[in-house]
Amino acid sequence: MKVFGKQYWWPADTQDEIIIGAILTQNTAWQNVEKAIENLKKVGLCSLDKIRNAPQNTIEDLIKPSGFYKQKSLYLKEIANFFKDFNENTDTLNFRKSLLNIKGVGLETADSILLYAFSRPIFVVDAYTKRFVERKKLFYSLEYHKVQQFFMHNLPQDVELYKEYHALIVKLAKTFCRKKPNCKECPIRCA
DNA sequence: CACCAGGAATGTA
DNA sequence: TACATTCATGGT
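Below or above, wherever it landed, is the structure these notes cover. (Residues numbered from 1 in each chain as written. Chains lettered and ligands numbered in written order. Predicted model: local features only at pLDDT ≥ 70, side-chain atom pairs only at ≥ 80, totals over all residues. Heavy atoms only, no water.)

### Description of the protein's contact with DNA strand C
Item 1. In the region of DNA strand C, twelve residues are neighbours, and Asn-32, Lys-35, Lys-64, Phe-68 and Lys-70 sit closest.
Item 2. Within 4 Å of the protein, atoms of DNA strand C come from sugar and phosphate in 62% of cases.
Item 3. A distance of 3.2 Å separates a sugar or linking oxygen of DNA strand C from a polar side-chain atom of Asn-32.
Item 4. Considered class by class, the residues forming the surface near DNA strand C number three nonpolar, five polar and four charged. (Near = heavy atom within 4 Å. Polar contact = N/O pair within 3.5 Å; in protein donor to acceptor, adjacent residues only side chain to side chain. Nonpolar A, V, L, I, M, F, W, Y, C, P; charged D, E, K, R; others polar.)

### Quick notes on the packing of aromatic side chains
Item 1. Applying the stated criterion across every chain yields a total of 17 aromatic pairs.
Item 2. With a centroid separation of 4.9 Å and an interplanar angle of 80°, the aromatic rings of Phe-95 and Phe-118 are classed as edge-to-face. Of this pair, Phe-95 sits in helix H6 (residues 92–100) while Phe-118 sits in the loop between helix H7 (107–117) and helix H8 (127–135), and the two are 23 residues apart along the sequence. For the pair Phe-95 and Phe-118, a shared accessibility class is recorded, and that class is buried. (Phe/Tyr/Trp six-rings, centres within 6.5 Å; stacked < 30°, edge-to-face > 60°. Helix = DSSP H or I, 4+ residues; strand = E, 2+ residues; numbered from the N terminus. Buried < 20%, exposed > 50% of the residue type's maximum accessible area, 1.4 Å probe, protein only.)

### Some points on the protein's contact with DNA strand B
Item 1. The environment of DNA strand B is formed by 22 residues, the closest being Trp-9, Trp-10, Asn-27, Thr-109 and Lys-174.
Item 2. Ala-29 is positioned with one of its backbone polar atoms (N or O) 3.5 Å from a base nitrogen of DNA strand B.
Item 3. With respect to DNA strand B, the side chain of Tyr-128 contributes an N or O atom lying 3.1 Å from a phosphate oxygen.
Item 4. Of all elements in the fold, only helix H5 (69–84), H7 and H8 reach the threshold of two or more residues within the surface near DNA strand B.
Item 5. At three residues, H7 tops the list of elements feeding residues into the surface near DNA strand B.
Item 6. In terms of residue class, the surface near DNA strand B is built from nine nonpolar, eight polar and five charged.

### With respect to the pattern of salt bridges
Item 1. Taken as a whole and assessed by the stated rule, the structure comprises six salt bridges.
Item 2. In this structure, Asp-13 and Lys-41 form a salt bridge, with 2.9 Å as the shortest nitrogen-oxygen distance. With Asp-13 in the segment before helix H1 (15–24) and Lys-41 in helix H2 (residues 30–42), the pair connects residues that are 28 residues apart, well separated along the chain.
Item 3. Asp-13 gets classed as exposed once you look at its relative accessible area, which sits at 63%.
Item 4. Classification of Lys-41 as partly exposed rests on a relative accessible area of 32%.
Item 5. Between Lys-163 and Glu-160 there is a salt bridge, and its shortest N-O distance comes to 3.4 Å. With Lys-163 and Glu-160 both in helix H10 (residues 159–175), this residue pair falls three residues apart, about one helical turn.
Item 6. One network of salt bridges, in which partners are shared, links Asp-13, Glu-17 and Lys-41. (Salt bridge = Lys/Arg side-chain N within 4 Å of Asp/Glu carboxyl O.)

Here you go:
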């Protein structure tokens, strides 16, 4: 029985837009990321090739709404250079290692890119996921890789399922909020 | 006014 | 390994 439909959680026109969004969304509300991406699109810079050849301060100005703009403009340059000579024909684990060597790409960002931009079967773990595991007492450890393995060992290895599962956890966090009524059963945010 | 958002790098012990 | 600090804008 299908209860939930697709969440369309990572809306993007292109693969590059997903990768760019993965950097810009670090510790930032998605609403602000949308503004930054819109700015990039307006001037035709929402692609890794264009970003690689654009002046640093131009990128900074365009992505300011998403915060941390000095760091993130550098990170976008770094990841744009990485994908210039990248051969996608590699196994997921080596791909992951390569991504983690890029300055500005940590565990969550690397896995988000693998899953959402390249459809690799990797389960994304974020702060919400850990709180969910903690409060529902699903698993004894909150360490990134252990939580990730917990889900990957207990779910079918299905890319679309991983995408939707992560989206639903985030949606759960957004749905229940202490600022709204009926917040006592919140499994993620409210203590 | 404080707190948080679809984190990661860097420094300290 | 385990924390603390820094980065910065915008919404609530």
